[in-house]
Amino acid sequence: MLLNFLVLGFIVVTQALDVVKPYNNKVVFLPPSDWPSPRTNYARSVLIAQDGADTNVLLATWQNTSPEPPNPWFPVYRSTDLGQTWKPFSNITDTENGWGLRAQPYLYELPIAIGNFSAGTIVASGNSIPPNRTHTRIDVYASADKGRTWNFVSHVALGGRPIAVNGETPVWEPFFFTYEGQLVIYYSDQRDPEAHGQKLVHQVTTDLVNWGPVVDDVANPNPSDRPGMTTIAALPNGKYIMTYEYGGAPEIDFAVYYRISDSPLNFLPSIGHNLNATTGEQAQSSPTVVWTPYGGENGTIVVSANGNKGLWINKQLGAENSPWTLFPTGAAGGYARDLKVLPTSQQIFIVSGGVFGGTANHVSASVVNLP
Ligand SMILES: *[C@@H]1O[C@H](CO)[C@@H](O)[C@H](O)[C@H]1NC(C)=O
Ligand SMILES: *[C@@H]1O[C@H](CO)[C@@H](O)[C@H](O)[C@H]1NC(C)=O
Ligand SMILES: *[C@@H]1O[C@H](CO)[C@@H](O)[C@H](O)[C@H]1NC(C)=O
Ligand SMILES: *[C@@H]1O[C@H](CO)[C@@H](O)[C@H](O)[C@H]1NC(C)=O
Ligand SMILES: *[C@@H]1O[C@H](CO)[C@@H](O)[C@H](O)[C@H]1NC(C)=O
């Protein structure tokens, strides 16, 4: 569909793409063949409604294992055709620790002003880790110009070595969400190793600079459990859905679980439900969740997980015992794929940085039409 805009009395025709023919696995970034494993991983994206004359702009980032030095950074690539073609746009570089930005980036557009940061600011987070792997640190950067330039804003959480084993004390995998005038950052936390090998927590801010206390979201009584990788979506019934992987789950290790809560700040008392399809497929590892108004009176909850290229969908707002169906896609699988609801609301954008390990990874984009 083409949208025509009338600006300032003379006609400026902006060809704004808001729907695209579904496609699979367009290349976002192909790493050089001499890069060490896994080359790329953990892609993330943001859909920006308006950037100057451009509408429906996608930015993507991911973690690179580029040869060092220099310390790694988070690349930002940009697409103005709903993900079919991409160009390098900017880099988010560690300006504070001298460590690099090494893992688990996240991009988010502020829907409201937070402190001195106006609505429309692009915020980025991720894990800063030094070359000698002594620490993990979740930092926040911001861009006032839709991702062209970036400035450091704040440190959120400092953890120990980046080793995903119980008894170690790292922090991992930040995710942003806005609630009641506050920005919330969710992450995985191993800094309470006697009680919880890993748990899921959040902190809130009203100025992007000062962060409140660490609050538990999933903290299992069994200290060997490793719930990880929070993502959250708002539902139209005023509730919120959180998906996470559950290391130590009874169904299968790292089974995907979900919780529903009246408040995204209070998932701790909610019951965790295993997420599997009516046809038997278990969602496993590194989930991400979005909700789209498409698909009937409840819209559709859409979940991606590692280990299956399909998407799990639920048309009953994740209600107790409601069915999840597996919708097959031709999109590349991957460790921690990211989903975005495109403007038509029937179309889901999927970006993948490839699988966990190996040397075949690259970053690819796909668009599917939901049933
Ligand atoms: C990002 O940094 C890399 C390494 O310094 C550089 O080669 C590349 O050109 C930069 N990209 C942009 C868009 O500035
Ligand atoms: C916000 O900006 C004002 C004016 O520049 C400054 O005084 C204040 O310290 C800033 N707030 C924060 C939290 O950085
Ligand atoms: C590890 O690297 C950091 C940052 O470069 C440095 O401050 C620290 O001293 C190093 N630690 C060890 C044990 O080498
Ligand atoms: C599938 O998920 C449901 C709901 O969480 C759960 O009751 C059931 O035990 C799961 N099935 C399997 C085979 O794990
Ligand atoms: C919408 O969701 C509710 C439960 O939340 C369910 O009872 C109802 O059947 C759903 N509607 C449709 C069309 O699936």
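Higher on the page you've got the structure.
Only a predicted model underlies this, so the values are computations on that prediction, with no experimental measurement involved.

Enquirer: Explain the site of ligand 2 to me, please; I cannot follow it from the model alone.
Expert: Around ligand 2, the structure places N116, D207 and V209. In this structure, an oxygen atom belonging to ligand 2 sits 2.2 Å away from a side-chain N or O atom of N116. Contact with the protein chains covers 29% of the free accessible surface of ligand 2, which is 360 Å².

Enquirer: Even after reading the chapter, I still don't get the nonpolar core, so can you show me in this structure?
Expert: Side chains of a nonpolar character, in soluble globular proteins, are inclined to be buried together. If you look at the biggest cluster of nonpolar residues, it comprises 35 residues, and the most contacted ones within it are V156, F176, L183, I185, Y187 and I232. Those elements that place two or more of their residues in this core are strand 8 (101–109), strand 10 (136–143), strand 11 (151–159), strand 12 (171–179), strand 13 (182–189), strand 14 (199–205), strand 17 (240–247) and strand 18 (255–261). Beyond its immediate sequence surroundings of up to four residues, I232 is in contact with F175, F177, Y186, Y240, I241, M242, F267 and V289. Counting 18 residues, the second largest nonpolar core, distinct from the first, contains Y23, F29, L58 and W86.

Enquirer: What's the story with the environment of A305 in this structure? I'm lost.
Expert: The topology assignment puts A305 in the loop between strand 21 (300–304) and strand 22 (311–314). Residue A305 is classed as buried on the basis of its relative accessible area, which comes to 1%. Between the C-alpha atom of A305 and that of S286, which follows or precedes it by 19 residues, the distance is 5.5 Å. Those residues in contact with A305 that sit more than four places away from it in its chain are V256, A283, Q284, S285, S286, P287, W312 and R337.

About the criteria used
Numbering of residues begins from 1 in every chain and follows the order in which that chain's sequence is written. Here the convention is simple: chains get letters from A, ligands get numbers from 1, in the order in which they are written. Under the rules for a predicted model, residues below a pLDDT of 70 receive no local features and side-chain atom pairs below 80 are neither given nor counted, while totals for whole chains, interfaces and linings still include all residues. Excluded from the side-chain calculations are hydrogens and water; all other atoms, namely the structure's heavy atoms, are used. Any residue with a non-hydrogen atom lying within 4 Å of a molecule or strand is treated as near it. For this analysis, a polar contact is any N or O atom pair within 3.5 Å, provided that within protein one partner can donate a hydrogen and the other can accept it, and provided that sequence-adjacent residues contribute only side-chain to side-chain pairs. Areas reported here follow the Shrake-Rupley algorithm with a probe of radius 1.4 Å; residue values treat only the protein chains shown as occluding. Take the buried Ala, Val, Leu, Ile, Met, Phe, Trp, Tyr and Cys residues and link them wherever side-chain atoms come within 4.5 Å; each set so joined is a nonpolar core. Categorising residues by exposure relies on relative accessible area from a 1.4 Å probe, with only protein chains included: less than 20% of the type maximum marks a residue as buried, more than 50% marks it as exposed, and the intermediate range marks it as partly exposed. We count a stretch as a helix when DSSP gives it H or I for four or more residues in a row; a strand needs E for two or more, and each element gets its number in order from the N terminus. Every residue pair with non-hydrogen atoms within 4.5 Å of one another is taken to be in contact.

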